[in-house]
Amino acid sequence: MQNRHHALGFSDQDVLNMYEIMLETRRFDERLWLLNRSGKIPFVVSGQGQEAAQVGAAFALNKEKDYVAPYYRDYGFVLAWGMTLREMMLNNFAKAEDPNSAGRQMPGHFSYRKLRMLTHSSPVTTQNPHAVGVALAAKLKGDDIVSFVTFGEGSSNQGDFHEACNFAGVHKLPVIFLCENNHYAISVGLKHQLSCEHVSDRAKGYGMFGKTFDGNDPLAAYAAVKEAADRAHRGEGPSLLEANFYRLTPHTSDDNDMTYRTKAEVDEAKKHDGVLTFAAYLRELNILTADKEKEMEERIKKEIDDATDYAEKAPFADQDSVLRYVYEERD
Amino acid sequence: MQNRHHALGFSDQDVLNMYEIMLETRRFDERLWLLNRSGKIPFVVSGQGQEAAQVGAAFALNKEKDYVAPYYRDYGFVLAWGMTLREMMLNNFAKAEDPNSAGRQMPGHFSYRKLRMLTHSSPVTTQNPHAVGVALAAKLKGDDIVSFVTFGEGSSNQGDFHEACNFAGVHKLPVIFLCENNHYAISVGLKHQLSCEHVSDRAKGYGMFGKTFDGNDPLAAYAAVKEAADRAHRGEGPSLLEANFYRLTPHTSDDNDMTYRTKAEVDEAKKHDGVLTFAAYLRELNILTADKEKEMEERIKKEIDDATDYAEKAPFADQDSVLRYVYEERD
Amino acid sequence: MAVISYIEAVTQALKEEMERDEDVFVMGEDVGKRGGVFQATKGLYEEFGEKRVIDTPLAESAIVGVGIGAAMYGLRPVAEMQFSDFMLPAANQIISEAAKTRYRSNNDWTVPLTIRAPYGGGVHGGLYHSQSMEAIFANVPGLKIVMPSTPYDVKGLLKASIRSNDPVIFFEHKRAYRLIKGEVPEGDYTLPIGKADIKREGNDVTVISYGLAVHFALQAAEKLAESGISTHILDLRTVYPLDREAVVNAAKKTGKVLLVTEDNKEGSVMSEVAATIAENCLFDLDAPIRRLAAPDAPSMPYAAPLEKQFLLSSEKLEQAIRDLAEY
Amino acid sequence: MAVISYIEAVTQALKEEMERDEDVFVMGEDVGKRGGVFQATKGLYEEFGEKRVIDTPLAESAIVGVGIGAAMYGLRPVAEMQFSDFMLPAANQIISEAAKTRYRSNNDWTVPLTIRAPYGGGVHGGLYHSQSMEAIFANVPGLKIVMPSTPYDVKGLLKASIRSNDPVIFFEHKRAYRLIKGEVPEGDYTLPIGKADIKREGNDVTVISYGLAVHFALQAAEKLAESGISTHILDLRTVYPLDREAVVNAAKKTGKVLLVTEDNKEGSVMSEVAATIAENCLFDLDAPIRRLAAPDAPSMPYAAPLEKQFLLSSEKLEQAIRDLAEY
Ligand SMILES: Cc1ncc(C[n+]2csc(CCOP(=O)(O)OP(=O)(O)O)c2C)c(N)n1
Ligand SMILES: Cc1ncc(C[n+]2csc(CCOP(=O)(O)OP(=O)(O)O)c2C)c(N)n1
Ligand SMILES: [Mg+2]
Ligand SMILES: [Mg+2]
């Protein structure tokens with residue numbers, strides 16, 4: 001096994017950290033399903049199978065300056081970006097302390113101004129023009145930042161995708177569009193969703209840089225996003241990237257994916273699961289040892305237990321609060 | 001001068017007919033401006049500079065079967081397709097007998113069910129999904145037709161363009177999307193409108209055939225549309241074509257184009273005007289003689305005079321008719 | 001007569017219309033193999049195949065726009081919007097195109113398109129899976145907006161919508177899908193679009209409503225009957241254009257009117273109902289018109305207690321009717 | 001005080017706000033070199049340059065969506081929709097995004113965005129350059145909808161809109177642009193969003209309206225004064241959320257109310273005004289509430305006589321007020 005991370009400037013500890021966040025995300029996600037199945041939370045939307053690219057992408061951005069607009073499967077991204085497990089769990093329990101929306105929105109609808117994370121809504125792809133607007137504003141103010149936005153491959157068929165890309169292209173704005181291509185839009189597979197081979201084929205129509213990478217590999221994700229960010233900083237405009245991976249869970253906890261795909265297909269995809277393959281890579285290079293792994297799993301379990309416990313006990317927002325913050329409130 | 005039309009299967013008479021329609025369109029269009037400047041019609045939207053491609057395209061389609069959704073500059077297309085000068089003039093005078101809308105819509109908002117011409121509205125690019133719907137319906141019914149739609153290059157930035165193209169691509173529908181790239185969207189030139197070099201570069205993102213051609217050459221237009229139609233009939237799906245030419249008039253009679261472009265630029269473009277260059281081609285080959293030209297101009301002038309006279313005298317729709325046809329009326 | 005659920009009535013109507021007329025077809029996100037995220041199109045893909053039960057790309061403006069084109073060609077598409085909240089990307093196609101095609105072409109082109117959309121709250125859907133969207137479209141001449149409350153009405157009105165030669169938005173209350181059951185004839189029947197329906201006769205207070213709230217009204221009326229309060233209930237069924245005659249008659253019947261909608265209060269279709277009454281039978285009223293609606297906040301939150309705060313209930317209706325009776 | 005036109009008041013407000021606050025910028029189709037198709041942004045490109053006066057691609061959803069993003073970043077974009085009819089492609093960004101951002105983020109993110117849009121008929125614009133679009137948005141909590149009638153109100157309210165920390169839709173009547181002139185202070189002032197304004201005091205009949213129709217009402221009132229009929233005129237100025245107090249007071253003032261809008265009648269903002277009156281001061285009325293509006297047909301035709309048939313006029317208002325006075 002060849003060491004691929006040194007060439008990217010990562011130390012062994014760096015990639016171990018990377019892996020730890022991926023694993024933490026996975027374990028958190030698995031816990032959500034348990035909580036859902038035991039009736040503690042009504043709904044789960046999940047990012048299993050997409051953690052590698054999400055975490056890799058986060059490592060390529062500047063956590064102190066850049067603006068991000070992650071979509072509803074981006075647990076790996078938001079964890080790497082600085083949201084805590086506790087906050088993520090408060091979000092899933094929809095409690096008052098949830099920094100994303102205080103329980104107003106469904107889980108996975110991220111928002112955190114402190115972290116320069118835009119508020120996400122349910123109608124898909126609306127975030128794309130927002131990310132472009134952030135980049136435009138930064139350019140007007142002379143701020144050297146990157147604006148990063150993610151969305152699914154099905155969502156890349158919405159008009160807003162097209163309009164946002166073209167706007168960013170015309171104004172050569174520092175935006176990174178990352179399409180998380182997990183091969184399904186709920187039940188609809190690629191063949192019925194897209195007529196191009198790669199979503200990144202669309203980049204040319206917007207005069208921008210385009211690239212598809214292996215979404216199961218955090219290092220590939222890092223390299224692609226880093227390249228796009230470097231271009232953005234150099235004033236070379238936006239990029240359209242595409243992470244290629246597979247949605248390992250049903251669409252959400254309301255879905256039954258066995259009505260439209262086979263277990264065999266899912267099992268095949270699981271072989272390429274980035275959490276497993278990256279662990280294998282790190283084991284081969286002796287970076288991830290059995291001890292470290294055990295320690296990691298234990299720490300993670302404890303943290304998730306704590307977060308769950310905290311979130312479960314936390315209060316809901318006051319019922320009367322539903323009338324608040326429709327408009328600015330002045331005292 | 002090399003004969004280029006024989007190779008396309010056109011007789012000399014065919015190309016003379018083609019030219020005559022182009023010229024008729026131009027003279028009609030010029031008349032509209034006179035009528036507007038003399039206060040007889042309140043508004044003109046014009047296709048000067050775009051006739052060549054429009055007429056060439058019409059020749060490549062099947063006038064007995066195909067469905068068409070022309071946009072507001074397509075006077076050359078609709079004339080070639082079978083709308084009469086009188087009907088076109090009734091449309092511009094907004095009279096009751098206007099088959100397009102009986103004076104309800106602005107001029108150039110074409111519609112003619114008898115001719116399988118869809119009704120056009122003002123919000124740009126809404127016609128694109130309609131054309132796709134026609135093709136889908138024909139496919140469901142097993143009808144072997146082509147659905148043809150046009151729109152401007154500015155309009156190719158609307159979400160509906162993207163959604164329509166992708167839908168047509170996924171379902172491999174017999175649609176021809178013809179972008180009439182006249183280099184301006186009102187005052188906004190290509191550089192601020194599009195981030196790709198050619199609108200047809202976008203074809204790849206929809207897995208479809210794409211081609212840019214010289215829009216001042218009706219034969220180039222014919223060849224491109226014929227190729228796309230043949231592909232459509234063979235089940236090879238949609239095409240995205242782009243006619244490259246220049247808008248010779250202001251955007252509409254309400255516009256003053258000298259606020260955003262120079263006379264020198266317009267004059268330069270006029271040298272490539274398809275009506276002039278195709279006439280030159282036909283003269284060189286001795287197909288268009290001075291006699292024929294005179295005869296043509298005279299016939300056209302007379303027909304336009306007649307149409308104007310007729311349309312001017314024709315009555316408006318009854319005032320009470322504004323309440324009609326909101327919903328189906330059953331007797 | 002068989003007792004079936006609200007959603008089964010949807011499926012039955014679709015199936016029967018597709019069997020009856022081969023020009024009817026269904027399109028939308030996940031309507032094919034998956035049978036729709038709510039299972040409204042369940043079994044149709046198997047019966048009619050992928051040509052007539054079309055999984056579209058994720059793009060609502062295209063779904064409606066392509067539907068319009070197919071309708072202009074002469075077919076009768078039934079387009080599903082997965083949630084009514086997600087109709088908005090298609091607003092331009094619905095309002096500028098579908099609604100105005102007949103008018104602008106002077107009756108030359110028509111759009112026999114049905115747009116189905118699940119709406120309404122109470123399913124932990126949060127802001128964007130709970131909204132009532134009818135008010136946005138209830139000012140657009142050329143559209144008809146149908147919002148049935150019972151399985152019987154669903155089947156009869158959905159069939160009528162599909163056969164209509166004008167575009168119809170057919171809103172289905174997603175919480176009613178499995179909650180509401182009722183008797184539905186097995187055979188073919190249609191109900192007239194544009195006609196309201198008296199769901200209960202009464203003399204003290206008139207409730208005018210539609211959709212799921214009609215059931216809250218019926219439950220409240222049962223309760224109130226015990227205290228000797230008699231409630232008259234008019235179900236609008238079509239919220240645009242309004243059945244003005246039925247509204248006026250219902251208001252006159254008792255002289256006390258409660259207008260109930262799950263939508264935000266300001267600018268809802270109940271504003272138009274109130275205006276209609278105020279224009280036509282002001283002097284027949286014995287009490288001010290009252291409206292019971294959601295608060296004027298964007299939409300109901302996801303968290304259960306907050307959602308509950310937002311929603312209508314039979315208790316809330318009972319109280320409002322009682323207040324009015326005692327006025 | 002200088003007398004300037006309605007559109008000059010728009011330009012002046014934009015210019016002064018851009019001079020005052022460098023975070024204010026303008027974007028839209030043809031707003032740059034061309035100065036806007038109506039010339040509302042005339043001179044701004046020359047003064048502020050292409051960075052702050054941005055010609056966008058032809059894509060309304062992007063214009064609003066990018067505006068939202070820039071507003072979240074902390075700027076104050078003023079986005080022009082070339083005609084209000086063409087806002088519909090942006091309906092999703094306006095309703096799902098701009099309006100709900102503060103609420104859904106629990107006050108964390110805000111959208112100080114102003115959307116300017118010329119609306120209204122009487123310019124031979126046909127179906128799609130004449131519409132009143134306010135009703136579509138006047139049921140969306142989180143939005144404010146301002147529709148001024150005079151140059152003075154235009155300037156004061158546009159400045160207030162730009163400074164608002166919530167999204168505002170600012171509808172400008174395109175026929176008023178050059179038709180309506182009035183005194184406007186040269187310096188800085190703002191007017192409160194959400195407050196209606198009494199444009200004329202009177203005792204016999206109350207007219208409630210907004211936009212260009214206010215001028216028809218004023219003209220009609222002049223005429224009617226000659227016959228001894230005294231008209232009270234309330235200009236809503238903000239049509240959503242409504243100034244309920246002002247509406248109720250104006251209705252009570254005379255007990256006879258005429259509600260006037262250029263929009264189609266059914267489901268217009270005047271329905272809400274009627275409902276408000278019916279809820280709050282029913283027993284103060286001496287006549288049924290009357291509404292004068294456009295017919296319930298899609299929009300006004302292009303042909304001059306047909307357009308005229310559709311439009312309001314001072315004569316139509318005069319007749320309606322007289323009828324009510326004589327009730
Ligand atoms: C405008 C809109 N239409 C429909 C939906 C319902 N919906 C939610 S997720 C989804 C599929 C999204 O697929 P994709 O973009 O591939 O993202 P993924 O969920 O696979 O990550 C759909 C149809 C929505 N949220 N918004
Ligand atoms: C949705 C929409 N936005 C704005 C307009 C106003 N408008 C009319 S034509 C036009 C420019 C169109 O440019 P292009 O697509 O290049 O076509 P061209 O007029 O150059 O043929 C604009 C902005 C419109 N009609 N529809
Ligand atoms: Mg996907
Ligand atoms: Mg153009």
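These numbers were taken from a predicted model, which means no experiment stands behind them. (Residues numbered from 1 in each chain as written. Chains lettered and ligands numbered in written order. Predicted model: local features only at pLDDT ≥ 70, side-chain atom pairs only at ≥ 80, totals over all residues. Heavy atoms only, no water.)

### A closer look at the environment of A:Ala94
With respect to the helices and strands, the residue A:Ala94 is situated in the loop between helix H4 (85–93) and helix H5 (127–141). Residue A:Ala94 is classed as buried on the basis of its relative accessible area, which comes to 2%. A sequence separation of 218 residues divides A:Ala94 from A:Glu312, and the C-alpha atoms of the two residues are 9.5 Å apart. Apart from residues lying up to four places away in sequence, A:Ala94 is in contact with A:Ala102, A:Gly103, A:Phe316, C:Tyr302 and C:Ala303. (Helix = DSSP H or I, 4+ residues; strand = E, 2+ residues; numbered from the N terminus. Buried < 20%, exposed > 50% of the residue type's maximum accessible area, 1.4 Å probe, protein only. Contact = heavy atoms within 4.5 Å.)

### Considering the domain arrangement of chain C
When the parts of a complex come together, some accessible area is lost, and that lost area is often used as the size of the interface. All names here are of chain C. When its domains are assigned, chain C resolves into domain 1 (2–184) and domain 2 (197–325). In this structure, domain 1 and domain 2 have C-alpha centres spaced 26 Å apart. In this complex, domain 1 contributes 34 residues to the contact, which on the side of domain 2 involves 25 residues. Across the domain 1 to domain 2 interface the summed buried area is about 2,200 Å²; carbon plus sulfur atoms make up 59%. Remark: the boundary between domain 1 and domain 2 carries 2 salt bridges. (Domains from an automatic or database assignment. Buried area = accessible area lost by both parts, 1.4 Å probe. Salt bridge = Lys/Arg side-chain N within 4 Å of Asp/Glu carboxyl O.)

### Topic: the coordination of the magnesium ion (ligand 4)
All names here are of chain B. Taken together, the protein ligands of the magnesium ion (ligand 4) are Glu153 (OE), Glu153 (OE), Asn182 (OD1) and Tyr184 (O), with distances of 2.1 to 2.7 Å. One can describe the donor arrangement at the magnesium ion (ligand 4) as irregular, given that its 6 donor atoms subtend angles of 52 to 176 degrees at the metal. Residue classification places Tyr184 among the buried residues on the basis of a relative accessible area of 11%. (Donors = N, O, S within 2.8 Å, 3.2 Å for Na, K, Ca; no water. Tetrahedral: all angles 85-135°; square planar, octahedral: opposite > 155°, others 65-115°.)

### Some details on the relation of the copies chain D and chain C
Each of the two chain copies can be generated from the other by rotation about an axis followed by a shift along it. The two copies are related by a screw operation: chain D maps onto chain C through 180 degrees of rotation and 0.0 Å of translation along the axis, at an RMSD of 0.0 Å. Read as a symmetry element, the transformation amounts to a two-fold axis. (Least-squares fit on C-alpha atoms with pLDDT ≥ 70 in both.)

### Describing the sheet that holds strand E14 (residues 290–294) of chain C
All names here are of chain C. The mixed open sheet is built from 5 strands, whose spatial order is E9-E11-E10-E13-E14. The open sheet has two free edges, formed respectively by strand E9 (197–200) and E14, since each of these has just one partner strand. Neighbour-to-neighbour, the strand axes of the sheet open up by a mean angle of 25 degrees, direction not taken into account. Across 4 bridges, the pairing between strand E13 (residues 257–264) and E14 is parallel. Paired with Asn264 across the bridge in E14 is Ala294. Against the sheet, helix H13 (residues 314–325) engages strand E10 (205–209), strand E11 (231–235), E13 and E14, with an angle of about 150 degrees to E13. (Pairing = 2+ DSSP bridges. Axes fitted to C-alpha atoms, helices over the stretch in contact; angles between N-to-C directions.)

### A few points about the UniProt feature "domain: Transketolase-like pyrimidine-binding" (unreviewed entry) in chain C
Taking the UniProt record as the reference, the feature "domain: Transketolase-like pyrimidine-binding" (unreviewed entry) is found at residues 4–179 of chain C. Its end C-alpha atoms 11 Å apart, residues 4–179 of chain C is made of 38% helix and 17% strand. (UniProt positions renumbered as here; feature names shortened; annotations may be inferred.)

### Overview of the packing of aromatic side chains
For any two aromatic rings, the description comes down to two numbers: the centre-to-centre distance and the angle of the planes. What the rule picks out here adds up to 38 aromatic pairs over all chains. Ring geometry for B:Phe10 and B:Phe59: centres 6.2 Å apart, planes at 75 degrees, overall edge-to-face. Of this pair, B:Phe10 sits in the segment before helix H1 (12–37) while B:Phe59 is found in helix H2 (residues 51–59), placing the two residues 49 residues apart along the sequence. Residue class for B:Phe10 comes out buried when judged on its relative accessible area of 8%. Ring geometry for C:Phe83 and C:Phe86: centres 5.7 Å apart, planes at 70 degrees, overall edge-to-face. (Phe/Tyr/Trp six-rings, centres within 6.5 Å; stacked < 30°, edge-to-face > 60°.)

### A closer look at the interface of chain D and chain C
With 53 residues of chain D at the contact, the number on the chain C side is 53 residues. For the pair chain D and chain C, the summed buried area comes to about 4,300 Å², and 59% of that belongs to carbon and sulfur atoms. At the junction of chain D and chain C, the tally comes to 8 salt bridges. Residue C:Glu279 is joined to D:Arg291 by a salt bridge in which the shortest nitrogen-to-oxygen separation is 2.8 Å. At the surface where chain D touches chain C, the tally comes to 23 residue pairs in polar contact (both at pLDDT 80 or more). Listed by contribution, the elements that provide at least two residues to the side of chain D that touches chain C are helix H4 (91–97), helix H5 (101–104), helix H6 (134–137), strand E12 (238–240), strand E13 (257–264), helix H11 (269–280) and strand E14 (290–294) of chain D. Per-element accounting of the side of chain D that touches chain C gives the leading share, 7 residues, to H11(D). Taken together, the residues of the side of chain D that touches chain C sort by class into 30 nonpolar, 10 polar and 13 charged. (Polar contact = N/O pair within 3.5 Å; in protein donor to acceptor, adjacent residues only side chain to side chain. Nonpolar A, V, L, I, M, F, W, Y, C, P; charged D, E, K, R; others polar.)

### Some remarks on the site of ligand 1
Around ligand 1, the surrounding shell holds 21 residues, and the nearest of these are A:Tyr71, A:Tyr72, A:Ser155, A:Tyr184 and C:Glu60. Here an oxygen atom of ligand 1 sits 3.0 Å away from a polar atom, N or O, in the side chain of A:Glu153. A:Tyr184 places a main-chain nitrogen or oxygen 2.6 Å from an oxygen atom of ligand 1. Relative to its unbound accessible surface of 580 Å², ligand 1 loses 96% to contact with the protein. In terms of residue class, the shell around ligand 1 is made up of 9 nonpolar, 8 polar and 4 charged. (Near = heavy atom within 4 Å. Areas by Shrake-Rupley, 256 points an atom, 1.4 Å probe, with all protein chains shown as cover.)

### Digging into the packing of helix H1 (residues 12–37) of chain A against H4(A)
All names here are of chain A. Across the interface, H1 lies against H4 with an axial gap of 12 Å and an inter-helix angle of 25 degrees. Between H1 and H4, the interaxial angle falls into the category roughly parallel. The element H1 and its partner H4 pack so that their crossing is right-handed. Facing Glu24, Phe28, Arg31, Leu32 and Leu35 of H1, the residues of H4 in contact are Leu85, Met88, Met89, Asn92 and Phe93. Its residues placed into classes, the contact of H1 with H4 shows 7 nonpolar, 1 polar and 2 charged. (Parallel < 35°, antiparallel > 145°, perpendicular 65-115°, else oblique. Left-handed = near helix turned anticlockwise from the far one by under 90°.)

### Details of the site of ligand 2
In the vicinity of ligand 2 there are 21 residues, among which B:Tyr71, B:Tyr72, B:Ser155, B:Tyr184 and D:Glu60 approach most closely. More than one chain lines the surroundings of ligand 2; the residues nearby belong to chains B and D. Here an oxygen atom of ligand 2 and a side-chain polar atom of B:Tyr71 are 2.6 Å apart. The contact in question runs from a nitrogen atom of ligand 2 to an N or O atom on the backbone of B:Val124, over 3.1 Å. Partitioning the shell around ligand 2 into residue classes produces 9 nonpolar, 8 polar and 4 charged.

### What about empty space enclosed by the protein?
Scanning the entire structure with this criterion turns up 10 cavities of 30 Å³ or more. Counted as a void, the largest cavity has a volume near 200 Å³. What lines the largest cavity is a set of 17 residues, among which A:Glu163, B:Gly159, C:Pro89, D:Ser61 and D:Pro89 lie closest to the centre. Counting residues per element, the ones that place at least two in the lining of the largest cavity are helix H6 (159–170) of chain A together with helix H6 (159–170) of chain B. Of the residues assigned to the lining of the largest cavity, the class counts are 4 nonpolar, 9 polar and 4 charged. (1 Å grid on protein atoms, 1.4 Å probe; cavity = no way out; pocket = protein on both sides within 12 Å on 5 of 7 lines; lining within 4 Å. Points joined across faces, edges and corners; volume = space filled by probe spheres on them.)

### Considering unusual backbone geometry
Between C:Tyr240 and the following residue, C:Pro241, the backbone shows a cis peptide bond with an omega angle of -15 degrees. Looking at the element boundaries, C:Pro241 is found in the loop between strand E12 (238–240) and helix H10 (244–254). The backbone of A:Lys172 sits at a positive phi, close to 45 degrees, despite the residue not being glycine. By secondary structure assignment, the location of A:Lys172 is in the loop between H6 and strand E3 (175–181). Look at A:Ile186: it is not a glycine, yet its phi comes out positive at around 50 degrees. Along the chain, the position of A:Ile186 falls in the loop between strand E4 (184–185) and strand E5 (188–189). Relative accessible area serves as the criterion here: at 12%, A:Ile186 is assigned to the buried category.

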